[in-house]
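# Summary of structural features
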Amino acid sequence: MTFNDVLSKINDVMYTYILIILLVAVGVYFTIRTKGVQFRLFKDGIKSIMEPSEKRKAGEKKVSSFQALMISTASRVGTGNIAGIATAIAAGGPGAVFWMWLMALIGGASAFVESTLAQIYKVKDGGQYRGGPSYYMERALGKRWMGILFSILLIICFAYGFNGLQSFNMSSALEYYVADYSNTVWPMVVGISLAVLFGLVIWGGTHRIGFISAVIVPIMATIYILMGLVTMILNITELPGVIALIVKEAFDIEAIMGGFAGSAVVLGIKRGLFSNEAGMGSAPNASASADVEHPVKQGLVQVISVFIDTILICSSTAFMLLLSGVEGIKGTLDGIPYVQKAISANVGEWGIHFITFSIFAFAFTSLIGNYCYAESNILFIKNNKVLLNIFRVTCLIAVFLGAQADFSMVWNLADVTMGLMAIVNITAIFMLGKVALKVLKHYENQKKEGKKPVFYEDEVGLTGTVWTRNRE
């Protein structure tokens with residue numbers, strides 16, 4: 001048995017049994033404790049997205065709430081929203097979509113708690129903010145070792161594993177256009193081009209990452225969702241039947257009992273949870289960078305990100321597939337080929353070109369979002385400019401190499417580290433949940449009093465945070 005086989009078996013056990021139980025449990029727990037904050041205050045989240053940052057000093061380049069939302073959405077919305085959904089449907093059937101939706105609704109509470117905590121315990125770095133799970137593990141729990149462990153796992157997972165994967169997906173999307181693509185010079189050309197573009201962005205600072213994401217992500221997501229809507233309009237008479245099929249097969253007891261690990265329930269839950277990453281500990285790294293007046297506002301904004309990722313983007317893919325009349329087949333017609341064939345059946349051959357464009361747009365913004373997470377964690381381990389620049393060079397190498405080879409072992413390792421990362425983060429947010437709940441109550445009390453919610457640490461019994469400030 002090879003090392004890669006061992007990693008695959010660990011993945012199967014961890015994701016199918018341990019993580020699903022933990023993530024569902026923590027999502028349900030926080031949904032109950034927050035009284036369904038992801039539903040009650042959804043409108044507040046939408047309002048918070050468009051609020052301007054606090055007053056800036058001259059020369060400061062802070063990240064707005066909207067930009068932080070786009071950074072986290074950039075990382076969440078990757079090729080998994082296209083290929084991942086196709087694979088889930090091909091393997092588990094249409095019923096997987098129902099469980100994907102359900103997990104987005106439940107996971108919104110976990111996303112709210114972890115992102116609110118990231119805002120509470122963020123630190124100031126020059127004119128910007130940074131933070132995330134590592135920071136609240138150290139500053140709130142007093143466990144720096146736990147924060148370092150989380151940071152190492154996240155860096156391996158996002159900076160090298162997932163960014164190598166995104167680079168490979170962009171490169172391999174060109175196989176349709178170039179004969180014997182993998183044996184030509186084009187993979188190297190793509191790798192160099194991506195590394196150069198990626199380098200220009202990451203050496204520009206977090207504010208540039210926020211700006212790029214705030215421009216590309218909305219355009220990318222809007223076009224993709226419109227494509228889904230066009231597909232639904234073209235097949236409007238078949239839409240009720242497809243929705244009924246999704247619900248019916250979600251509760252197909254025979255299919256569930258026949259093979260639980262590969263059932264619509266498990267595949268839908270896995271796709272929902274690991275597409276929107278609620279509770280995984282990744283999005284809080286972007287949430288912490290936002291310049292807002294109350295931590296709860298950014299927590300609510302991340303609820304919107306979960307909605308965008310799963311309810312809008314993933315559902316667009318699902319309906320494009322299920323309305324096409326093309327049936328996915330596990331191991332034969334799944335992933336990108338399944339999507340390409342389905343889109344072609346819906347709108348013609350130009351749909352294949354649309355999918356190629358989507359893969360490049362989704363994957364490049366994922367490169368940026370993933371790097372943003374990793375940089376915050378490198379700085380947590382050691383805030384050193386030389387180390388940071390060395391790290392950036394290794395990230396460019398990962399992007400360059402990823403475009404040229406299918407490093408399945410690296411990706412399996414990334415999956416394992418992401419699973420371990422989630423376990424560490426779930427432990428931390430469960431221990432700190434009371435703090436997030438107290439801050440949520442502070443926000444709601446101010447609203448009831450007719451005030452604009454503004455956070456001061458002493459009003460909830462906290463000390464030593466960046467929220468120590470004078471009342472104007």
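## Quick word on the environment of Ile 106
Among the secondary structure elements, Ile 106 is positioned in helix 6 (residues 95-120). As a C-alpha pair, Ile 106 and Thr 31 span 75 residues in sequence and 6.6 Å in three-dimensional space. Excluding its chain neighbours within four sequence positions, the residues that come into contact with Ile 106 are Val 24, Gly 27, Val 28, Thr 31 and Gln 38.

## Some details on unusual backbone geometry
Here Lys 35, not a glycine, exhibits a phi torsion of approximately 60°, which is positive. By relative accessible area, which is 66% here, Lys 35 ends up exposed.

## A short note on helix 3 (residues 42-49)
Those residues of helix 3 that sit buried are Asp 44, Gly 45, Ser 48 and Ile 49. End-on view of helix 3: buried residues confined to an arc of 140°, all on one side of the axis. Projecting away from the buried face of helix 3 at angles above 90 degrees are the exposed residues Lys 43 and Lys 47.

## Points about the packing of aromatic side chains
We describe a pair of aromatic rings using the distance from one ring centre to the other and the angle between the two ring planes. According to the stated counting rule, one finds 14 aromatic pairs in the structure shown. Arranged with centres 5.3 Å apart and planes meeting at 50°, the rings of Tyr 29 and Phe 430 form a pair that is tilted. One end of the pair, Tyr 29, is in helix 1 (residues 3-33); the other, Phe 430, is in helix 19 (residues 408-448), and 401 residues separate them in sequence. With centroids separated by 5.4 Å and ring planes inclined at 80°, the aromatic side chains of Phe 455 and Trp 467 adopt a geometry described as edge-to-face. Separated by 12 residues along the polypeptide, Phe 455 in the segment after helix 19 and Trp 467 in the segment after helix 19 bring together distant segments of the chain. Trp 467 carries the same exposure label as Phe 455, and that label is buried. The lysine or arginine in question, Lys 122, covers the ring of Tyr 129, its NZ or CZ lying 3.9 Å from the ring centre. In this arrangement the basic side chain of Arg 144 is found over the ring face of Phe 380, its NZ or CZ atom lying 4.7 Å from the centre.

## Some thoughts on a nonpolar patch on the surface
Together, Met 1, Phe 3, Val 6, Ile 10, Ile 152, Ile 156, Ile 381 and Leu 413 make up a nonpolar patch on the protein surface, roughly 680 Å² of accessible area in all. Of all the secondary-structure elements, those providing two or more residues to the nonpolar patch are helix 1 and helix 8 (144-172). By residue number, the principal contributor to the nonpolar patch is helix 1, which donates three residues. With respect to the helices and strands, Ile 381 occurs in helix 17 (residues 350-381).

## Remarks on the packing of helix 6 against helix 15 (residues 295-322)
Remark: helix 6 packs on helix 15, axes separated minimally by 7 Å, with the N-to-C direction vectors making an angle of 155°. Relative to helix 15, the element helix 6 lies roughly antiparallel. Where helix 6 crosses over helix 15, the two elements pack in a sense that is right-handed. Within the contact of helix 6 with helix 15, the residues separate by chemical class into 17 nonpolar, nine polar and no charged.

## Thoughts on helix 15
Its 28 residues give helix 15 an end-to-end C-alpha distance of 40 Å, which sits within 8% of 40 Å, the value for a rise of 1.5 Å per residue. Maximum bend of helix 15: about 30°, positioned at Ser 315. Of all the 28 residues making up helix 15, 25 are buried; the element is thus mostly covered by neighbouring parts of the structure.

## As for the nonpolar core
Counting residues in each nonpolar core, the largest one holds 81 residues, and the members touching the most others are Phe 112, Leu 117, Tyr 136, Phe 158, Phe 198, Phe 391 and Met 418. Membership of the second largest hydrophobic core comes to 41 residues, among which are Met 220, Leu 321, Leu 323 and Ala 342.

## Description of the pattern of salt bridges
Scanning the model with the defined rule gives seven salt bridges in all. Ionic pairing is found between Lys 452 and Glu 293, a salt bridge with its closest N-O pair at 3.2 Å. A residue pair is termed long-range when its members are at least 10 positions apart, and Lys 452 in the segment after helix 19 and Glu 293 in the loop between helix 14 (284-287) and helix 15 qualify at 159 residues. For Lys 452, a relative accessible area of 53% corresponds to the exposed category. Of the charged contacts in the structure, one is a salt bridge between Lys 451 and Glu 449, with a shortest N-O distance of 3.1 Å. Classification of Lys 451 as partly exposed rests on a relative accessible area of 48%. A network of salt bridges, in which partner residues are shared, links Glu 293, Lys 297 and Lys 452.

Rules of the game
Residues numbered from 1 in each chain as written. Predicted model: local features only at pLDDT ≥ 70, side-chain atom pairs only at ≥ 80, totals over all residues. Heavy atoms only, no water. Helix = DSSP H or I, 4+ residues; strand = E, 2+ residues; numbered from the N terminus. Contact = heavy atoms within 4.5 Å. Buried < 20%, exposed > 50% of the residue type's maximum accessible area, 1.4 Å probe, protein only. Arc of directions from axis to C-beta. Phe/Tyr/Trp six-rings, centres within 6.5 Å; stacked < 30°, edge-to-face > 60°. Lys NZ or Arg CZ within 6 Å of the ring centre and 35° of its normal. Patch = residues over 30% accessible without salt bridge, like charges linked within 9 Å, V, L, I, M, F, W, Y side chains within 5 Å. Areas by Shrake-Rupley, 256 points an atom, 1.4 Å probe, with all protein chains shown as cover. Salt bridge = Lys/Arg side-chain N within 4 Å of Asp/Glu carboxyl O. Axes fitted to C-alpha atoms, helices over the stretch in contact; angles between N-to-C directions. Parallel < 35°, antiparallel > 145°, perpendicular 65-115°, else oblique. Left-handed = near helix turned anticlockwise from the far one by under 90°. Nonpolar A, V, L, I, M, F, W, Y, C, P; charged D, E, K, R; others polar. Expected span 1.5 Å × (residues − 1). Bend = angle between axes of the 7 residues up to and from the residue. Core = buried A, V, L, I, M, F, W, Y, C linked by side-chain atoms within 4.5 Å.

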